[in-house]
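Take a look at the letters that make up each chain.
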Number of protein chains: 2
Amino acid sequence: MIRQDAYPVDPWCVRETRLDLDLLAAAESLFALSNGHLGLRGNLDEGEPHGLPGTYLNSVHEQRRLPYAEAGYGYPESGQSVVNVPNGKLIRILVDDEPFDIRYGDLHSHTRTLDLRTGILTREAEWCAPSGAAIRLRSERLVSLTQRAIAAVRLSVEPVDRTVQVVLQSELVANEQLPPASEDPRAAADLEAPFVPEDLLRSEMAVTLVHSTKRSGLRVGSGIDHEVEGPDDLSTKVEAFPDLARITVTTELEPGESVCLTKYLAYGWSSRRTVPAVRDQVAAALTAARHHGWDALCAQQATALAEFWAGADVQVDGDEELQQAVRFALFQILQASARAERRPIAAKGLTGTGYDGHTFWDTEVFVLPMLTYTVPHAAADALRWRLDTLPMAQERAQVLGLRGAAFPWRTITGAECSAYWPAGTAAFHINSAIAMAADRQAWASGDEQFDREVAVPLLVETARLWVSLGHHDAKDGFRIDGVTGPDEYSAVADNNVYTNLTARQNLRAAVRACGHWPEQAAALNVGDDEIAAWSSAADLMTVPWDDQLGVHPQAEAFTRHAEFDFDGLGPDAYPLMLSVPYVQLYRTQVLKQADLVLAMHLCGDEFTPEQKRSNFEYYERRTVRDSSLSAATQAVLAAEVGHLDLALDYTAESALVDLRDLASNTANGLHLAAMAGTWIALVAGFGGLRDHGRSLRFAPQLPRGLTGLGFALVHQGARLQVAIADGEATYTLESGQVALTLAHHGEEFTLEPKTSASKPLPERRQLPPPEQPPGRAPTRRVGAAAPQCPVTENTAS
Amino acid sequence: MIRQDAYPVDPWCVRETRLDLDLLAAAESLFALSNGHLGLRGNLDEGEPHGLPGTYLNSVHEQRRLPYAEAGYGYPESGQSVVNVPNGKLIRILVDDEPFDIRYGDLHSHTRTLDLRTGILTREAEWCAPSGAAIRLRSERLVSLTQRAIAAVRLSVEPVDRTVQVVLQSELVANEQLPPASEDPRAAADLEAPFVPEDLLRSEMAVTLVHSTKRSGLRVGSGIDHEVEGPDDLSTKVEAFPDLARITVTTELEPGESVCLTKYLAYGWSSRRTVPAVRDQVAAALTAARHHGWDALCAQQATALAEFWAGADVQVDGDEELQQAVRFALFQILQASARAERRPIAAKGLTGTGYDGHTFWDTEVFVLPMLTYTVPHAAADALRWRLDTLPMAQERAQVLGLRGAAFPWRTITGAECSAYWPAGTAAFHINSAIAMAADRQAWASGDEQFDREVAVPLLVETARLWVSLGHHDAKDGFRIDGVTGPDEYSAVADNNVYTNLTARQNLRAAVRACGHWPEQAAALNVGDDEIAAWSSAADLMTVPWDDQLGVHPQAEAFTRHAEFDFDGLGPDAYPLMLSVPYVQLYRTQVLKQADLVLAMHLCGDEFTPEQKRSNFEYYERRTVRDSSLSAATQAVLAAEVGHLDLALDYTAESALVDLRDLASNTANGLHLAAMAGTWIALVAGFGGLRDHGRSLRFAPQLPRGLTGLGFALVHQGARLQVAIADGEATYTLESGQVALTLAHHGEEFTLEPKTSASKPLPERRQLPPPEQPPGRAPTRRVGAAAPQCPVTENTAS
């Protein structure tokens, strides 16, 4: 875990005040820079020590064999793994012939600062070599949000107190040697040195390299160019080899002198274009970068971020740690998505190799809602990527003996890569996640073209899947059997409530879309019979209910299953999937993550308030949160049913998962869905935002730990600002041409453009805290503001 | 498929009248010789052509990695595969310098005959080399039932019409080159050349070799010795290398002369003993074999088989094909078990490498019932082997978070080797299969020592498993959730009726055994509370029932699942697991094999006759018999509920699965459980034998295709002969000291030693034939006696 004092709380920065080698890999993830197309892990400029060197291009991957000891029909044969493309951020430094390596000599100071408003990662260090030669180093790094192919580094070195010889080796390294992966050595072998060199070109201070991957057949161009400032006697040397470009700057620095290297990095890739085309694309990007220059790139970055914050910032009053965390989260989601441009948003963004760089349902369920309301074009792009993969999803449905489209549980290209079908192929709810994200995006953006071109085909093909997957039963209605819901500690169950309710939304949205776009529907061969079948399946959808316990079983018969034996667990039992076999997890009442509770968030209209409360408490006792996706959803429902303190705890757990490395795996990359979950916990939890049924409703309330909360939403092209403080919520329609109909705690009202409305908050409800599984109460923060003891209080609003 | 005219019907032989290279591998399985300890596939003497060369020693295996693309806790890391031990049956023949190879030159005749009464495989061939030199060859081969370590071959060659030079190379080859296995090349690599040479010893005409396996650490000794008869100028040469022993006999034969080589093979293995100990054990066996000599070995073999047939033969009148098939089946089961001696009986016996040489539940459910009533010592040995593996099963239960013992789904040594847990670990019914086989064996043999020493611990530890696996539910009783029943097209379901009912039997048998053996129970720490818990779980066991349809769902909610879309299948859809993904199979009402129907056989008292009939017809429509285990069980219930013609068809399908290669995989080894199923279909189907509840009941009835049926059972040390013909059944207690209480069609009667009782058969019922899935009616035989058209007839008994 990362201690708070190493990363002091600051509203607009994440600052590391000392270098902890044990947390180096986690810090590389936290300080990763990306624009959604190109990502650089926060590796030290000089390359070593490192946790995991990482430079990634969205969708550049290698194929690897998926081995099965006992294979089955329809199992994917080939997996996909994100690969480390040529590393251009590397600048090795020699000080009087001693490599600058903070593991040797004396590191007098070392700070790294990620500024969330400039988008620049700054590093400052003072180091004394074993020889006694001391230097000051400063580096700045950015991955441009405005120039998709470009990153830049500016690094300067100066002597502290005596003349030193400094050699800078600015490199571009392909097939970089990586630490051994812990997984199956045979699969890892497929990923070792994935690139075959195809071309190199050297000109003055620039080198471009072109490589291809061995199996996936992707061509990657990479290039570096440089500007150097320093003493007159400074000399430079440029070398290029198939897997290495090296520009060497040699100089002798008196105290007071310095050498400053500005390095531009450019990348491009294609599965189709030729070697010269890819090479020239990189050269063009490099030329453009030098044309703009370092200062302009920095200025553009700050401008882009200012615009982002104006529309996306969340203000949290009374909890500085949470304020910092939510801004860090928003920044990272922007980094993962801003320039993804019809490529997937991976679970880890471009910050590490966790989950092989795959995208999952959590992008649609957690990340896209935030983007839809803050960076709508990024959400639209992500869904257009799904549309681009529709033929693969249709083919997959065919292999599975189903109609319509079956989107992959995990993928980079759109092809299914899940090798364990009970928690992969069987998790058909990925399809309603995609469909509903598209429907939300169409409605919230008011973009009719998107609705017609993207939402309609996605809704139609997923609706077709659902009606072929389920069937009508004389007794029960429309059943969907043998599927896996969000909770991965259950699988292949009948009538998972989450799946059935989101499938119902999906079907109804498809009916609406086809009614609204008859020509588009006709082009997809949707007839009246088919629409009637969708309506009928939606209307008759089975929703199991346990009358005896007065709760919804997560899936049919779930509440009749044995209770999980928490008392029999050893001290290091969590996460349970590493110490308990599936055969035990699946047949007992233990949840990895919110499932029915997520249904109560996304399909809230399907439940009465009493059901929500009893369901919440029932599942709260059985949910171990071994998934980082869970806390945010629990926060939303905790807030809704009246556990505001608990909601704040869960919000903080979601917010701090990476900044405090709560899951001990930030090293592999950031938990983007948990970050988006922080926004959801605040906006849907304390703001009470609900948008199912195509209406925008709020139910704001503040926990005792917060004095105010403000957030902005882009809706139908207008910007709505919501400010909650001092017992009231103020809704301001800052831009736009049309009035919005909103609801505040169930009361509808209309807000005209450029007007505000203030509404009183209701009395704060605080129910007695519910129980969690033994030892699984939310991670408490040091010095957290929320009170620890159960109380029920009434506060006048 | 093998055509009948290539294997003519004969009551006591299986004869191949012509060599079909496409069916060579299948014939190697059919002509495999074994005694349960040592097995030789029916490879041609000269080694090539071959389908799969195979020499196996029970339990001699190599470990191989089990790869998982996505691993889970408790997955076995290492698999086990039977390996080809040094091949000693090889005798290469050169005729005037031309290798005898039936693919070249002209094969004028070739017959192979397996005599079920002598146990000898005889081969006769006349071949003309491309050079024009012609020979007659005759070989005989046996694997001794009386000398466990010994096999022998006698081979003679004579010229047809002119002088030929003949060279015989009698070999013993280790690490024999095998055809590439079709599975994962990485796993196959673990099994390539599994042996490391450790020792060789040459003396006169004998060589012994000692090898060890690389990973599993088993030491295997093998040896050959020879006697030669031939012309005086015959010369011999003996060579020994680490992986090869070769005795070469060279001679020139005039017409009328011949050379005859008698070859003795001996094998031994150990995981503990030293090189000299293993080497000397083989040498001793070889010496003993030569001491007895060929003729004595043959005589002993015939005597052993005569004794077997006296106690085990089944006479089928009116259906010669079935008569042959059931004798072949009985012979093969004897071969698989006779000398297994506390080693497992594998699904393929020692006839091939199918299923990696593993044993499964079908040994206990199909093979052991037959052995218990015909070769009781072999059944007892197989269960003592299970007892020997109890510590591994207890450890496995612990890994799974359960109490008692969890026996492996598939194994050679007793360690779980199943790499797909939904159809492996979750199939907990392996445990009731073992427990009930032990209980049956204890009762039917009347062996109190076996009951105390073997049955009690097996029953206690499996009972402990069931009560820890299931739980009491206020509404439903005792539930066993998330398990897989016999049908492998469903998995991880709740309250599988077969599992619950056999668990109930298991629990009640444990209660009985502990009551009967209080000291043994106390030694296992069984207290009164525990016994009460077993009784309570048994009494309150959930047995789902579909009131609407009037049938038992195979597992909870099964009958609410969608019907399988048989109409959507392509022409080559079967077996379905190779063309339909599990995600479809599991959620629809399609069965690979009898499941609920097997419960109605083994736990018949739990169902009313009406339930049996409606259940049978319900599942008949949904069972595709992609498992060779299914037909026999369907035969038993078809006979019981009144579909006698169908029962005969299923009996024949089970009986002919290998003799006609109905499943197209006899090449990998014989289907031992289907063979035992033939016995079950006849004895339990038409004989109506039921033994649950510790009583021996019969309900004989003959289908129109049979005129008589006779079989013997060893029961409580006595031999009971049952003869069904001419409208009555005659029960004769041929030996023994005590009277037996039997039942005939529900009417109890007592049979004194050495007396007979005849009872009339009831009227033959013949219900209208039920439906099978489209295209899945039982395989009809050419010229089958059973009528094809549905009729209902009454025949006076």
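Residues numbered from 1 in each chain as written. Chains lettered and ligands numbered in written order. Predicted model: local features only at pLDDT ≥ 70, side-chain atom pairs only at ≥ 80, totals over all residues. Heavy atoms only, no water.

Within chain A, the regular secondary structure consists of 18 helices and 31 strands. In summary, chain A has a C-alpha radius of gyration of 27 Å against a globular reference of 28 Å for 797 residues, a match within 12%. Dimensions of chain A, computed from C-alpha atoms along their principal axes, come out at roughly 85 × 60 × 60 Å. Buried residues in chain A amount to 65% of all 797 residues. Long-range contacts, defined as pairs at least 24 residues apart, comprise 69% of the intrachain contacts of chain A with a sequence gap of at least 6. Surface summary for chain A: the accessible area is close to 26800 Å², and the carbon and sulfur share equals 48%. Placing the 69 positive and 105 negative side-chain charges of chain A at their respective mean positions leaves the two points 2 Å apart. (Helix = DSSP H or I, 4+ residues; strand = E, 2+ residues; numbered from the N terminus. Rg over C-alpha atoms; globule rule 2.2 N^0.38 Å. Buried < 20%, exposed > 50% of the residue type's maximum accessible area, 1.4 Å probe, protein only. Contact = heavy atoms within 4.5 Å. Areas by Shrake-Rupley, 256 points an atom, 1.4 Å probe, with all protein chains shown as cover. Lys, Arg positive; Asp, Glu negative; His and termini not counted. Charge placed at Lys NZ, Arg CZ, Asp CG, Glu CD.)

Counting residues at the interface gives 52 residues for chain B and 52 residues for chain A. In total, about 4200 Å² of surface goes out of reach between chain B and chain A, with carbon and sulfur atoms giving 55% of it. Note that Asp-473 of chain B is salt-bridged to Arg-560 of chain A, the shortest N-O span being 2.9 Å. For the pair chain B and chain A, the interface holds 22 residue pairs in polar contact (both at pLDDT 80 or more). Of all elements in the fold, only helix 9 (448-469), strand 21 (471-473) and helix 13 (582-585) of chain B reach the threshold of two or more residues within the side of chain B that touches chain A. In terms of residue class, the side of chain B that touches chain A is made up of 27 nonpolar, eleven polar and 14 charged. (Buried area = accessible area lost by both parts, 1.4 Å probe. Salt bridge = Lys/Arg side-chain N within 4 Å of Asp/Glu carboxyl O. Polar contact = N/O pair within 3.5 Å; in protein donor to acceptor, adjacent residues only side chain to side chain. Nonpolar A, V, L, I, M, F, W, Y, C, P; charged D, E, K, R; others polar.)

Further remarks concern the packing of aromatic side chains. All told, the structure shown has 42 aromatic pairs over all chains when counted by the stated rule. Relative to Tyr-582 of chain B, the ring of Tyr-420 of chain B has its centre 5.0 Å away and its plane inclined at 15 degrees; by these criteria the two rings are stacked. Here Tyr-420 of chain B is found in the loop between helix 7 (390-399) and helix 8 (429-445), whereas its partner Tyr-582 of chain B is found in helix 13, with 162 residues between them in sequence. This pair shows no difference in class: Tyr-420 of chain B is buried, exactly as Tyr-582 of chain B is. Where Phe-558 of chain B meets Tyr-619 of chain B, the ring centres are 6.0 Å apart and the plane angle is 35 degrees; that geometry is what we call tilted. Of the two residues, Phe-558 of chain B is situated in the loop between helix 12 (528-539) and strand 23 (562-563) and Tyr-619 of chain B in helix 15 (residues 609-620); the sequence distance between them amounts to 61 residues. With relative accessibility at 3%, the residue Phe-558 of chain B sits in the buried group. Judged by relative accessible area, Tyr-619 of chain B falls into the buried class, the value being 1%. Over the face of the ring belonging to Tyr-574 of chain A we find Arg-776 of chain A, whose NZ or CZ atom lies 3.8 Å from the ring centre. (Phe/Tyr/Trp six-rings, centres within 6.5 Å; stacked < 30°, edge-to-face > 60°. Lys NZ or Arg CZ within 6 Å of the ring centre and 35° of its normal.)

Moving on to the nonpolar core. Residues Trp-361 of chain A together with Trp-361 of chain B are the most contacted members of the largest nonpolar core, which totals 471 residues. Here this core gets twelve residues from one element, more than from any other, and that element is helix 9 (residues 448-469) of chain A. Not counting residues within four places of it along the chain, the set of residues in contact with Trp-361 of chain A comprises Phe-366, Trp-409, His-429, Ile-430, Ala-433, Pro-486, Tyr-498, Gln-593, Leu-598 and Leu-629 of chain A. (Core = buried A, V, L, I, M, F, W, Y, C linked by side-chain atoms within 4.5 Å.)

All right, on to the relation of the copies chain B and chain A then. Both copies of the chain are tied together by a single rotation about an axis and a shift running along it. Between chain B and chain A, which share one sequence, the superposing operator has a rotation angle of 180 degrees and an axial displacement of 0.1 Å; the RMSD is 0.1 Å. The operation mapping one copy onto its partner corresponds to a two-fold rotation axis. A high fraction, 100%, of the interface residues of chain B reappear at the interface in chain A, so the copies pair face to face through one surface. (Least-squares fit on C-alpha atoms with pLDDT ≥ 70 in both.)

Here we take up a negative patch on the surface. Residues and elements named next belong to chain A. A cluster of like negative charges, contributed by Asp-96, Asp-97, Asp-232, Asp-233, Glu-252 and Glu-254, occupies part of the molecular surface. Note on placement: Asp-97 falls in the loop between strand 7 (91-95) and strand 8 (98-99). Owing to a relative accessible area of 59%, Asp-97 belongs among the exposed residues under this scheme. (Patch = residues over 30% accessible without salt bridge, like charges linked within 9 Å, V, L, I, M, F, W, Y side chains within 5 Å.)

Residue and element names in this part refer to chain A. Interaxial distance between helix 5 (residues 361-374) and helix 18 (residues 672-686) falls to 9 Å at its minimum, and their mutual angle equals 50 degrees. Relative to helix 18, the element helix 5 is oriented oblique. Note on packing geometry: the crossing formed by helix 5 with helix 18 is left-handed. Contact residues: helix 5 offers Asp-362, Val-365, Phe-366, Val-367, Pro-369, Met-370, Tyr-373 and Thr-374, while helix 18 offers Leu-672, Ala-673, Ala-676, Gly-677, Trp-679 and Ile-680. Partitioned by chemical class, the residues of the contact of helix 5 with helix 18 number eleven nonpolar, two polar and one charged. (Axes fitted to C-alpha atoms, helices over the stretch in contact; angles between N-to-C directions. Parallel < 35°, antiparallel > 145°, perpendicular 65-115°, else oblique. Left-handed = near helix turned anticlockwise from the far one by under 90°.)

Right, let's talk about the sheet that holds strand 31 (residues 756-760) of chain B for a bit. Residues and elements named next belong to chain B. The sheet built from five strands is open, its strands ordered 20-26-27-28-31 with antiparallel pairing. Both edges of this open sheet fall to strand 20 (314-317) and strand 31, since each of them pairs with a single strand only. Within the sheet, the average angular offset between the axes of one strand and its neighbour, ignoring direction, is 15 degrees. Bridge analysis of strand 27 (residues 718-725) against strand 28 (residues 728-733) gives six bridges, and the strand direction is antiparallel. Bridge pairing in strand 28 links Gln-721 to Thr-732. (Pairing = 2+ DSSP bridges.)

Residues and elements named next belong to chain B. Going through the model one piece at a time under the given rule, you end up with 113 salt bridges over all chains. Ionic pairing is found between Glu-28 and Arg-41, a salt bridge with its closest N-O pair at 2.9 Å. Of this pair, Glu-28 sits in helix 1 (residues 24-30) while Arg-41 sits in the loop between strand 3 (38-40) and strand 4 (55-57); the two residues are 13 residues apart in sequence, bridging distant segments of the chain. For Glu-28, a relative accessible area of 1% translates into the label buried. For Arg-41, a relative accessible area of 0% puts it in the buried group. As a salt-bridge pair, Glu-171 and Arg-92 come within 3.5 Å of each other at their nearest N and O atoms. Of the two residues, Glu-171 sits in strand 13 (residues 164-173) while Arg-92 sits in strand 7 (residues 91-95), which places them 79 residues apart along the sequence. Judged by its relative accessible area of 5%, Glu-171 falls in the buried class. Under the relative-accessibility criterion, Arg-92 is labelled partly exposed at 28%.

Here we take up helix 12 (residues 528-539) of chain A. Residues and elements named next belong to chain A. Taking 1.5 Å as the rise per residue, helix 12 with twelve residues should run 16 Å; its terminal C-alpha atoms sit 16 Å apart, in good agreement. All of the buried residues along helix 12 are Glu-530, Ile-531, Trp-534, Ala-537 and Ala-538. End-on, the buried residues of helix 12 take up no more than an arc of 125 degrees, which puts them together on one face. Projecting away from the buried face of helix 12 at angles above 90 degrees are the exposed residues Asp-528 and Asp-529. The secondary structure elements touched by the buried residues of helix 12 are helix 9, strand 21 (471-473), strand 22 (477-479) and helix 10 (497-516). (Expected span 1.5 Å × (residues − 1). Arc of directions from axis to C-beta.)

A separate point is the environment of Gln-520 of chain A. Looking at the secondary structure, you find Gln-520 of chain A in helix 11 (residues 518-523). For the pair Gln-520 of chain A and Glu-453 of chain A, spaced 67 residues apart in sequence, the C-alpha to C-alpha distance is 8.2 Å.

Here the focus is unusual backbone geometry. Residue and element names in this part refer to chain A. Here Glu-48 and Pro-49 are connected by a cis peptide whose omega angle stands at 0 degrees. Along the chain, Pro-49 falls in the loop between strand 3 (38-40) and strand 4 (55-57). One non-glycine residue, Arg-342, adopts positive backbone phi at about 65 degrees.

All names here are of chain A. With 97% of its residues at a pLDDT of 70 or more, chain A has an overall mean of 95. Ignoring residues within four places in sequence, the model shows residues 785-797, a span with pLDDT below 50, making 24 contacts including any to other chains. Complex prediction metrics read pTM 0.94 and ipTM 0.92. (pLDDT = per-residue confidence, 0-100.)

Residues and elements named next belong to chain A. Among the ten residues that make up strand 11 (residues 134-143), eight are buried, leaving the element largely enclosed by the rest of the structure. Two strands pair when backbone bridges link them, and strand 10 (residues 121-128) and strand 11 are joined in this way by eight bridges, in the antiparallel orientation. When the bridges of strand 11 are listed, Glu-126 appears paired with Arg-136. Pairing geometry for strand 11 and strand 12 (residues 150-159), over nine bridges, is antiparallel. The residue bridging Arg-141 from the neighbouring strand is Val-153, located in strand 12. Joining the antiparallel neighbours strand 11 and strand 12 is a turn of six residues.

This part is about the side chain of Thr-208 of chain A. Residue and element names in this part refer to chain A. Mapping Thr-208 onto the fold places it in strand 15 (residues 206-213). Classification of Thr-208 by relative accessible area gives buried; the value is 7%. Those residues in contact with Thr-208 that lie beyond four places of it in its chain are Asp-199, Leu-200, Leu-201, Ser-222, Gly-223, Arg-279, Val-282, Ala-283 and Leu-286.

All names here are of chain B. Read from one edge to the other, the open sheet built from nine strands follows the order 1-9-10-11-12-19-16-15-14, with strand pairing classed as antiparallel. Looking at strand neighbours, the two that pair on one side only are strand 1 (13-16) and strand 14 (195-203), the edges of this open sheet. The average angle at which neighbouring strand axes cross in this sheet is 15 degrees, direction not considered. In this structure, strand 15 (residues 206-213) lies alongside strand 16 (residues 219-229), joined through six bridges in antiparallel fashion. Residue pairing across strands places Val-210 opposite Gly-221, the latter belonging to strand 16. Helix-sheet contacts for helix 3 (residues 275-312) involve strand 11 (134-143), strand 12 (150-159), strand 14, strand 15, strand 16 and strand 19 (259-270), and the interaxial angle to strand 19 is about 135 degrees.

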